[in-house]
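What the coordinates show
Listed here are the chains, written in short residue letters.
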There are 6 protein chains.
Amino acid sequence: MRIKVIMPITSDVFDEEIRREFRSYAGPGVEFDVQHLDYGPASIESEYDEALAVPDILNKVQKAAEEGFDGVIIDCFGDPGVKAAREVVDIPVCGGFEPAMLLAAGLGQHLGIVTVLPNVVPMIEDLAKKLGLMSKLVSIRYVNIPVLDLGDRTKLENALYQESLEAIIKDKAHVLILGCTGMMGMAKNLHDRLKGAGYDVPVIDPAFAAMKMVENYIAMGVKHSRLTYMVPPVKPRKWWDQK
Amino acid sequence: MRIKVIMPITSDVFDEEIRREFRSYAGPGVEFDVQHLDYGPASIESEYDEALAVPDILNKVQKAAEEGFDGVIIDCFGDPGVKAAREVVDIPVCGGFEPAMLLAAGLGQHLGIVTVLPNVVPMIEDLAKKLGLMSKLVSIRYVNIPVLDLGDRTKLENALYQESLEAIIKDKAHVLILGCTGMMGMAKNLHDRLKGAGYDVPVIDPAFAAMKMVENYIAMGVKHSRLTYMVPPVKPRKWWDQK
Amino acid sequence: MRIKVIMPITSDVFDEEIRREFRSYAGPGVEFDVQHLDYGPASIESEYDEALAVPDILNKVQKAAEEGFDGVIIDCFGDPGVKAAREVVDIPVCGGFEPAMLLAAGLGQHLGIVTVLPNVVPMIEDLAKKLGLMSKLVSIRYVNIPVLDLGDRTKLENALYQESLEAIIKDKAHVLILGCTGMMGMAKNLHDRLKGAGYDVPVIDPAFAAMKMVENYIAMGVKHSRLTYMVPPVKPRKWWDQK
Amino acid sequence: MRIKVIMPITSDVFDEEIRREFRSYAGPGVEFDVQHLDYGPASIESEYDEALAVPDILNKVQKAAEEGFDGVIIDCFGDPGVKAAREVVDIPVCGGFEPAMLLAAGLGQHLGIVTVLPNVVPMIEDLAKKLGLMSKLVSIRYVNIPVLDLGDRTKLENALYQESLEAIIKDKAHVLILGCTGMMGMAKNLHDRLKGAGYDVPVIDPAFAAMKMVENYIAMGVKHSRLTYMVPPVKPRKWWDQK
Amino acid sequence: MRIKVIMPITSDVFDEEIRREFRSYAGPGVEFDVQHLDYGPASIESEYDEALAVPDILNKVQKAAEEGFDGVIIDCFGDPGVKAAREVVDIPVCGGFEPAMLLAAGLGQHLGIVTVLPNVVPMIEDLAKKLGLMSKLVSIRYVNIPVLDLGDRTKLENALYQESLEAIIKDKAHVLILGCTGMMGMAKNLHDRLKGAGYDVPVIDPAFAAMKMVENYIAMGVKHSRLTYMVPPVKPRKWWDQK
Amino acid sequence: MRIKVIMPITSDVFDEEIRREFRSYAGPGVEFDVQHLDYGPASIESEYDEALAVPDILNKVQKAAEEGFDGVIIDCFGDPGVKAAREVVDIPVCGGFEPAMLLAAGLGQHLGIVTVLPNVVPMIEDLAKKLGLMSKLVSIRYVNIPVLDLGDRTKLENALYQESLEAIIKDKAHVLILGCTGMMGMAKNLHDRLKGAGYDVPVIDPAFAAMKMVENYIAMGVKHSRLTYMVPPVKPRKWWDQK
């Protein structure tokens, strides 16, 4: 199976790292291709950023379907454009949020998310309400590091560990979810440190979860329901580059 | 007070009618200006349409704030771009959904919405979940008429009446909401026919509700919370017309 | 439009102040009349007080309708008698709770109320459950000052500020609601102090909200649903002053 | 133990029948006294009626406590004045709703209520929301017979049976609750007819349930929490007969 | 009426004490018989323990029904086997959880449970979700004492008092429930200490509650709904002692 | 990876078929072993059956862990023993319900289940409440065919199709779940017939979902949280075959 990974940022500096990381996520026989955006914000950290990123995400998703990919990952925890994309293609499309929450929900009673900035906390709450899992989500915390500064891995590791401890002790989280796909590769270290402190809790990496969920749907031969995600009516849609 | 009304469609054919209708909604001393989009879909009837309309909506909202307007109405029942807009301006911004639901919630136990097409029903459910009023929303029905065909008022009136009767009798709706701002001017007729049939239920016009709610917030000197709608971080945002 | 403001207390000492305050709330062209009760408790701070206040509130509401008023405000945060009143008149009737909650719900994700005494906290919870907005209400705190001692404005201002800070920091409230109509005139000062401390959150004054909501309904030509608030059956109702 | 039964109606015509029926409800060693109101509506079938009945109910409850009764039943399905009464006395006080719902909740998955008139359906919904059991309440139906006409037992029996069948078959109720204390003595007949039709479901009589619940609390030596039902502050409360 | 009390432990050392305690719970004219298990775990403190205890509980329940008992108490807070038991007998069957929660729900706004070990907290949450009362349950705390060590009453009393104070002050519990039937006889002492500290809250003993609830159902002539608890289909069921 | 599939029935007649079917579910490189029970009911169609099946399920799960399997599937839609099993082993354990619901929740707004008999409907509701996804589950229907009669595939196919149509049209299900692992191999046919009728909805096979979910967890190197599923305390557990 062939999966398209769309990075909703406009820079290619992370393409290589993303490719390496996804290689470790992909199951046997899975091929994938990584692509960043041509237009949009440098990163998604607000409703505003998300709104600006989505049009080009949708272009890329439609192109992937035309090129014969079997599924698409929109590599962002905020699931930007996921619902719109499902309306316009007939292959499975996942972002990071839904797969991470669903896989986490099978592992314990209370879920906790540690994300990047306070700005995205209300967006995450809205996603949880829409998915119907708000009652399991007991904690949303943040490391207070912008997406594009996540490169300082030691700082990130420590901040994740501290916030995860708070999520467990104060908010009673039983399963942790990394709340940004830019935190990829951090799950194992965080799990090990928490286990060392006496808390044997699973840590879900949303990009890894996205890969598994898209693989699942392709393997099972299913895609999103057309009663939820209907094909948009035909009509003129005027766009900048149509000028 | 001066209010900007943004029509999230790319045609100007309705501008005059919108202007006339809003004139009847506006309270004493309220000035307003109607503006349609330069880019985007002909109408919003899907997640896909909404995604394509939002970038230019946000441009227009920001421009309205710069021009000194006191508030903004995004004249669509789907509240497209409302949350993103609140992040980037310091004046009240409302679409049609939130004001209609909130005004309706003060009038009776169970709410019912009659909208245009089945495509938007899941979007409306998501809006209700995000607003926290899903438990009061007992009915979402549709007249099965596309937005741009709402001009046949007799057909629309009859369809609205039939679906409203079903909402009341089968789904136990006590308050009705017109589920598209393109249904403006239909509330009174619908209320009268329903009352004639023995059902004295209020009917909420979402564009009217939007005008009242924006007026309320301006009069009270309040705007959206900056703890929910934080200012987006500064960063490059690459856009089509920046090519 | 003419609106009757019913003060559910038996003293006239606040009538002048109420009149002055409501003058600042009322929109252009709105006339109003303030009236206190002849029978009932000195103030409403318990279910017991509410039960004793309601019969004369209902008398006053019915008289207002007979006198041709266009709407009624029952000026108390507990919405005493509001549902019963709607059964017996055909004009909009609002207390302070519903309008404040509905206007606040359009401004942010999490609502917080700061009220007078611990006694009324369960009553406020019940009101929120009945309105269907309990899931958004993250904080109910109190200044621990009885209604009739709210005259010490400095003490009240400080207590409101302290409890509001706790509501924001500990309970994650994003929008604040003054939980007693006796706190009128305090919203702006509280908002300014909170903004000065870095929390730009709206503060809703329930009496102001009540005025706006009644104005809205009158302007829109709607009233409560007769499917929720049916006309009470005709029957003998024996009362003290009928002796 | 001695229990006071307060009938929230102003006529004594039912006193004898109530006494006979409660005799069959009361456990061994339970004495009780039946008392109707001096002031209030002829029956409770609306928010308005409830508001007018409550002041004298509260008088009677306080008098019962002073006379040394061990508990009080307010014999109405709408629980009129129950919360206020708990604030002012230190003995258990129950109406019909809470006991019926709580006993029913222990017997099956989905609850259904068959009450008298459509007018009280929203009141019952509010009671269920306040009690926290709305999610189990799948059906509220009515026989469309006013309280004071419930004397025609054959008509009532047939209407109860028909509506109960609908509640079971259409709404999937598993446990039935008689939604008016005036339906006393009908539970067994209804259960037998339903069982004969293949539906072995329990039927809860709310007056019977009230007696059991008050007996329970007295036997266990517990009463309502003073953190929910605080003692009302001391203050003047001006009343009709104080003129 | 005759009630069978099944102790889901394999030792008889507590039989005498249980008998004495239940004697004080039982109403006038109630006879009961106490029986422990032949097979199963020494105590129930996990899902695993519960799974191993249930088969012999079901044997004992069926035998009780055959012997003509009028009702059965499964004397454990976790309600082990209660739902399965109701499928196979036609007499009321209660554990400790449902009765305690239902009786507590009639006494105040927020419920708090103090149980034995952290292991059972998720089990209690699941029970509350199934019963539909999760929204009232604001606190689940534990004394961290295994069931079989509850014999040290002074230690238990102090731990219960400390955790109850936390439940009241930090979690806002208004009604307390002892979260293990092994805590029998502790409710009065705990209530008195809490009242002495200014918190007049009821404390529910789950075994006492179970006795009252089974008595209620027997007195009312009702049992569980056969639409929720259907008779299991006839089929071979192979068991160890059938070897 | 090596996965143990436990069939919670006591007959081996289906072992071969199960093996063939699971072969088609398993991903590349997955080995699995099928095992039925030695003790328990012939099939699980009630709480009673589940209670009797669980002890031997737990024996088999523990043995699988000792033998070095990487994960366990308990091949039943009711998730019998899943929670208890997670307490006693350190490898992922899944039944059919959780995986099917979680995979389905990622595909559409409203879920519908078609199961075997009415007896298990309340059990499924309880599972959904415990998982936290009750608000998405709009339909639970049944084909009224016992598990052991599912061999008549034509009858089953037709019944599934009819009930699925009702779930879609009457209950507004958007995603369908086969509510018994004995319905394996039916998903594709059902999907095709529904699509032919104009309803392009995904159909989830719970055994397929279980295989994918266990594969996911093994691939991701995670297992259930030890804060939800704690290790049971050490204690004597007396069992039949210990006689």
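Residues numbered from 1 in each chain as written. Chains lettered and ligands numbered in written order. Predicted model: local features only at pLDDT ≥ 70, side-chain atom pairs only at ≥ 80, totals over all residues. Heavy atoms only, no water.

Broken down by element type, chain A carries 8 helices and 10 strands. For chain A, the C-alpha radius of gyration of 17 Å lies close to 18 Å, the compact-globule estimate for 243 residues. With respect to the three principal axes, the spread of C-alpha positions in chain A is 55 × 35 × 35 Å. Counting only residues that meet the buried cut, chain A has 70% of its 243 residues in that class. Considering only residue pairs separated by 6 or more positions, chain A has 74% of its internal contacts joining residues 24 or more positions apart. (Helix = DSSP H or I, 4+ residues; strand = E, 2+ residues; numbered from the N terminus. Rg over C-alpha atoms; globule rule 2.2 N^0.38 Å. Buried < 20%, exposed > 50% of the residue type's maximum accessible area, 1.4 Å probe, protein only. Contact = heavy atoms within 4.5 Å.)

Let us look at the arrangement of the chains. The two units chain A and chain D are non-contacting; their minimal C-alpha-C-alpha distance is 14 Å. One finds no contact between chain B and chain E; the C-alpha atoms of the two approach each other to within 14 Å at their closest.

Moving on to the relation of the copies chain C and chain D. Once chain C is rotated about the relating axis by 180 degrees and shifted along it by 0.0 Å, it coincides with chain D to within an RMSD of 0.0 Å. The transformation relating the two chain copies, once decomposed into turn and shift, fits a two-fold axis. When the interface residues of chain C are mapped onto chain D, 100% of them are again interface residues, pointing to one common binding face. (Least-squares fit on C-alpha atoms with pLDDT ≥ 70 in both.)

Attention now moves to the relation of the copies chain C and chain B. In screw terms, the move from chain C to chain B is a rotation of 180 degrees and a rise of 0.0 Å along the axis, fitting with an RMSD of 0.0 Å. When the interface residues of chain C are mapped onto chain B, 100% of them again lie at the interface, so the same face is used by both copies.

Across the boundary between the two partners, chain C contributes 44 residues, which contact 44 residues of chain B. Both faces considered, chain C and chain B share a buried interface measuring about 3400 Å² in area, 61% of it formed by carbon and sulfur atoms. Considering only the surface of chain C that becomes buried against chain B, L107(C), M220(C) and L227(C) emerge as the three largest contributors, covering 18% of it. With its nearest N and O atoms 2.8 Å apart, the salt bridge here joins D200(C) to K223(B). Taken together, the connections running from chain C to chain B amount to 14 residue pairs in polar contact (both at pLDDT 80 or more). Where the side of chain C that touches chain B is concerned, the elements lending two or more residues are α3 (82-88), α4 (97-105), α5 (121-131), β9 (203-204) and α8 (206-220) of chain C. Broken down by element, the residue count for the side of chain C that touches chain B peaks at 8 residues, all from α8(C). (Buried area = accessible area lost by both parts, 1.4 Å probe. Salt bridge = Lys/Arg side-chain N within 4 Å of Asp/Glu carboxyl O. Polar contact = N/O pair within 3.5 Å; in protein donor to acceptor, adjacent residues only side chain to side chain.)

Right, let's talk about the packing of helix α6 (residues 153-169) of chain F against helix α7 (residues 187-196) of chain F for a bit. Residue and element names in this part refer to chain F. Orientation of α6 relative to α7, taken along the N-to-C sense of each, is 50 degrees, at an axis distance of 10 Å. Regarding the angle of α6 to α7, the classification is oblique. Between α6 and α7 the crossing geometry is right-handed. From α6, E157, N158, L160, Y161, S164, L165 and I168 reach across to α7, where they touch N189, L190, R193 and L194. Residues of the contact of α6 with α7, tallied by class, amount to 6 nonpolar, 3 polar and 2 charged. (Axes fitted to C-alpha atoms, helices over the stretch in contact; angles between N-to-C directions. Parallel < 35°, antiparallel > 145°, perpendicular 65-115°, else oblique. Left-handed = near helix turned anticlockwise from the far one by under 90°. Nonpolar A, V, L, I, M, F, W, Y, C, P; charged D, E, K, R; others polar.)

On to the interface of chain C and chain D, then. With 46 residues of chain C at the interface, the matching set in chain D holds 46 residues. Buried area between chain C and chain D, summed over both chains or domains, comes out near 4200 Å², and the portion from carbon and sulfur atoms is 63%. Put simply, chain C and chain D have 8 salt bridges between them. Along the contact surface separating chain C from chain D lie 25 residue pairs in polar contact (both at pLDDT 80 or more). Of all elements in the fold, only β3 (40-41), α2 (47-66), α3, α5 and β10 (237-238) of chain C reach the threshold of two or more residues within the side of chain C that touches chain D.

Let us now look at the packing of aromatic side chains. Under the criterion given, the structure shown has 24 aromatic pairs over all chains. An angle of 50 degrees between the planes, with centres 6.1 Å apart, marks the rings of F22(A) and F32(A) as tilted. Of the two residues, F22(A) sits in helix α1 (residues 15-25) while F32(A) sits in strand β2 (residues 31-36), which places them 10 residues apart along the sequence. Each member of the pair F22(A) and F32(A) is classed as buried. An aromatic cluster is defined as three or more aromatic residues linked by ring pairs; in this entry it consists of F22(A), Y25(A), F32(A) and F208(A). Its end group placed over the ring of F69(D), R2(D) keeps NZ or CZ at 4.1 Å from the ring centre. In this arrangement the basic side chain of R193(F) is found over the ring face of Y161(F), its NZ or CZ atom lying 4.3 Å from the centre. (Phe/Tyr/Trp six-rings, centres within 6.5 Å; stacked < 30°, edge-to-face > 60°. Lys NZ or Arg CZ within 6 Å of the ring centre and 35° of its normal.)

Before going further, it helps to spend a moment on the domain arrangement of chain A. Residues and elements named next belong to chain A. Considered domain by domain, chain A is made up of domain 1 (2-95 + 208-242) and domain 2 (97-206). When each unit is reduced to the centre of its C-alpha atoms, the spacing between domain 1 and domain 2 is 22 Å. In this complex, domain 1 contributes 25 residues to the contact, which on the side of domain 2 involves 28 residues. Where domain 1 abuts domain 2, roughly 2200 Å² becomes buried across the two surfaces, and 66% of that area is made up of carbon and sulfur atoms. (Domains from an automatic or database assignment.)

Our focus in this paragraph is the packing of α5(C) against helix α5 (residues 121-131) of chain D. Closest axis-to-axis distance for the α5(C)/α5(D) pair is 9 Å, and the angle between their directions is 125 degrees. With respect to their mutual orientation, α5(C) and α5(D) come out oblique. Two packed elements cross with a definite hand, and for α5(C) against α5(D) that hand is right-handed. For the pair α5(C) and α5(D), contact is made by D126(C), K129(C) and K130(C) and by D126(D), K129(D) and K130(D), respectively. Looking at the contact of α5(C) with α5(D) residue by residue, the class counts come to no nonpolar, no polar and 6 charged.

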